[in-house]
Amino acid sequence: MYRGRFAPSPTGELHAGSLVAALASYLDARAHHGEWLVRIEDVDAPRCIEGADKMILKQLQQCGLHWDGNVVYQSQRDSLYQQALDNLLAQDLVYPCGCTRKEIEENQALLGLDLSRNKAAVYLGTCREGLKGKPARAWRFNVRKWSELRASPVVHWTDRRLGPQSQNVLAEVGDFVLKRADGLWAYQLAVVVDDAKQGITHVVRGEDLSDNTARQMLLQEALGYPAQKYLHTALVWGVNGEKLSKQNGAKALNLSSDAAICQSLISAASTLGLDAGPGTLGSLEQLPSALVNWTDAWAHRQPTKIEA
Ligand SMILES: [Zn+2]
C-alpha cells in the first residue's frame, strides 16, 4: 500500500515552491491509488509562526488537495523521538557532544577543510571518545561506528527523477545531531521516526531536501525501519535566480480569488512538466477534473514513472 505525505514547516504560508511539492506528492499518491497524509513539522518551535499551520491547511483545501486521515503534529510526538534516541543509545550509536558551532568550525579550519557544503561544518567526531570534561550540549549519531557495522560510510539510493545518488556521510557530513543543544529534536530524527511510524512508503519533496536523504537512510537502517522510495521534484526559481523559499522572502501564494487559485495551480503543474495550457483549469469548477487529469498524466509519464 502506497502512503505518501506532505510535511510543511509552519514557518509561514505556502509559497510557490511549497505548492509544487504539495501537488507533486499529492499526484504521486493518487496516481498510485495510495494515501496522502499531511504532517506539520513544527519540531523547531522557535522558527514556527503561530497560526501558520491552520493557514497552510486552508491553502491546501483551497487548492483541492484534500488529505487522508488526521494531520499529525511533530510537537506532540516527543515520546516517539525519545524512544528512538533510547534505541540508538542502547546500541551505543549516539553520544553526547560538548562542542560549540564555533569550535567545530575552528577545528575544521585547522585541517584546511572546505566549509562550503551548505555552509555547514563537517563534524570531525571530536567528542566521539568522550567529552573530556566539557558539558554535554547535543546528542550525535555515531556515523563512523554505524559505517563500520554496515561496512561502508557511503549510502546509495536511486531517486526517481535524479537517478542514482550516493553520499559518503562520514566524510561529507560527519556525526550529525539528533538532539540539539537547545533540547529540541533535530529534523533528521523527527522525519525518520514519523515516516516509519506513519508507514510512509514514498517520499516526494523538493530537491532542496535531497541532501538529507543519506542521513535519513542511515538512521532508518540503524533503527530497523523499512526503506522508502524517493522523488525530489524540481524547484521553483525566483526572478533573481535564487530558489524560492520562505527564508529569502518568497511571496505567499495568491489564493485570493477563484482565478488566482487556478493560476497558482497552473503554475505549479507546469513546473512539474504537466500540461497546464488554456482550458485545463479555467475555473474552480474544473478543479476536480483537472486534478484527475494531472493524476492520470503523472501516472503515465517518464521519467517519474510509477513503480510497482
Ligand atoms: Zn563535540
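This write-up is about the structure you can find in this document.

Reading guide: rules and limits
Residues numbered from 1 in each chain as written. Predicted model: local features only at pLDDT ≥ 70, side-chain atom pairs only at ≥ 80, totals over all residues. Helix = DSSP H or I, 4+ residues; strand = E, 2+ residues; numbered from the N terminus. Buried ≥ 20, exposed ≤ 12 C-beta atoms within 10 Å, placed from the backbone. Contact = placed C-beta atoms within 7 Å. Core = buried A, V, L, I, M, F, W, Y, C linked by C-beta atoms within 7 Å. Pairing = 2+ DSSP bridges. Arc of directions from axis to C-beta. Axes fitted to C-alpha atoms, helices over the stretch in contact; angles between N-to-C directions. Parallel < 35°, antiparallel > 145°, perpendicular 65-115°, else oblique. Left-handed = near helix turned anticlockwise from the far one by under 90°. Nonpolar A, V, L, I, M, F, W, Y, C, P; charged D, E, K, R; others polar. Right-handed = clockwise from strand over helix to strand, strands pointing away. Expected span 1.5 Å × (residues − 1).

### A few points about the overall build of the chain
And step 1. Along the chain, the regular secondary structure elements total 10 helices and 10 strands.
And step 2. Out of the 308 residues in the chain, the part that is buried amounts to 39%.
And step 3. If you take every contact in the chain between residues at least 6 apart in sequence, the share linking residues at least 24 apart comes to 76%.

### Re the nonpolar core
And step 1. Core analysis: the largest hydrophobic core is formed by 41 residues, its most contacted members being Leu19, Val20, Ala22, Leu23, Tyr26 and Ala269.
And step 2. Taken together, the elements giving at least two residues each to this core come down to α1 (16-31), β2 (35-40), α2 (52-62), β9 (202-206), β10 (229-233), α9 (258-271) and α10 (287-300).
And step 3. In terms of residue count, the dominant contributor to this core is α1 (11 residues).
And step 4. Excluding residues that lie within four positions of it along the chain, Ala269 makes contacts with Leu23, Leu274, Ala276 and Trp294.
And step 5. Of all hydrophobic cores here, the second largest spans 38 residues; its members include Leu93, Tyr95, Ala138 and Ala190.

### Looking at the pairing of strand β7 (residues 163-168)
Consecutive residues of a regular strand have side chains that alternate between opposite faces of the sheet.
And step 1. Pairing geometry for strand β6 (residues 154-159) and β7, over 6 bridges, is antiparallel. Bridged to His156 within β7 is Ser166.
And step 2. Where β6 folds back onto β7 in an antiparallel hairpin, the turn is made up of 3 residues.

### Points about α2
And step 1. Burial in α2 covers these residues: Asp53, Ile56, Gln59 and Leu60. One face of α2 carries all of its buried residues, which in axial projection span an arc of 125°. More than 90 degrees from the buried face of α2, the exposed residues found are Lys54 and Gln61.
And step 2. Where α2 is buried, its residues meet α1 and β2.
And step 3. Directly after α2, the chain includes Gly64, whose backbone phi takes a positive value near 75°.

### Some words on the environment of Gln76
And step 1. With respect to the helices and strands, the residue Gln76 is situated in the loop between β3 (72-73) and α3 (78-90).
And step 2. Gln76 sits 34 residues away from Asp42 along the chain, and the two C-alpha atoms are 9.2 Å apart.

### Overview of the sheet that holds strand β4 (residues 94-97)
And step 1. Spatial ordering of the open sheet is given by β4-β5-β8, a layout of 3 strands whose pairing is antiparallel. The sheet is open, and its two borders are formed by β4 and β8 (177-179), each paired with just one other strand. Neighbour to neighbour, the strand axes of the sheet diverge by 45° on average, direction disregarded.
And step 2. Note: strand β5 (residues 138-141) against β8, 2 bridges, orientation antiparallel.

### Quick word on the packing of α1 against α9
And step 1. The interhelical angle for the contact between α1 and α9, taken along N-to-C directions, is 70°, at an axis separation of 9 Å. Here α9 runs roughly perpendicular to α1, going by the angle between their axes. Note on packing geometry: the crossing formed by α1 with α9 is right-handed. Residue-level inspection shows Ala16, Leu19, Val20 and Leu23 of α1 in contact with α9, the latter providing Ser264, Ser267, Ala268, Ala269 and Thr271.
And step 2. Of the residues that constitute the contact of α1 with α9, the class distribution is 6 nonpolar, 3 polar and no charged.

### Concerning the sheet that holds β3
Two orientations exist for strands paired in a sheet by backbone hydrogen bonds: parallel and antiparallel.
And step 1. Pairing in this open sheet of 3 strands is parallel, and the strands run β1-β2-β3 from one edge to the other. Two strands lie at the open edges of the sheet, namely β1 (3-6) and β3, each paired on one side alone.
And step 2. In the sheet, β2 pairs with β3 via 2 bridges, with the strands oriented parallel. Its bridge partner being in β3, Arg39 is matched across the sheet by Val72.
And step 3. Together, β1 and β2 form the strand contacts of α1, whose direction differs from that of β1 by roughly 165°.

### Some words on unusual backbone geometry
It is generally the case that most residues other than glycine have a negative phi and that most peptide bonds are trans.
And step 1. Its identity as a non-glycine residue notwithstanding, His33 has a phi of 55°, on the positive side.
And step 2. Even without glycine at this site, Asp92 takes up a positive phi of about 60°.
And step 3. Relative to the elements of secondary structure, Asp92 occurs in the loop between α3 and β4.
And step 4. The exposed category is assigned to Asp92, around which 9 C-beta atoms lie within 10 Å.

### Regarding the pairing of β9
And step 1. In terms of residue burial, β9 counts as a mostly covered element, since 5 of its 5 residues are buried.
And step 2. As defined by bridge partners, β9 adjoins β10 across 5 bridges and the pair is classed as parallel. Along β10, the bridge assignment pairs Val203 with Tyr230.
And step 3. For the crossover that starts at β9, traverses helix α8 (residues 213-223) and ends in the parallel β10, the hand is right-handed.

### Things to note about α1
Residue pairs three or four apart in sequence face the same way in an α-helix, which turns once every 3.6 residues.
And step 1. Here α1 spans 22 Å end to end across 16 residues, near enough to the 22 Å set by a 1.5 Å rise per residue.
And step 2. Directly after α1, the chain includes His33, whose backbone phi takes a positive value near 55°.

Bear in mind that shape data such as this cannot, by itself, settle questions of function.
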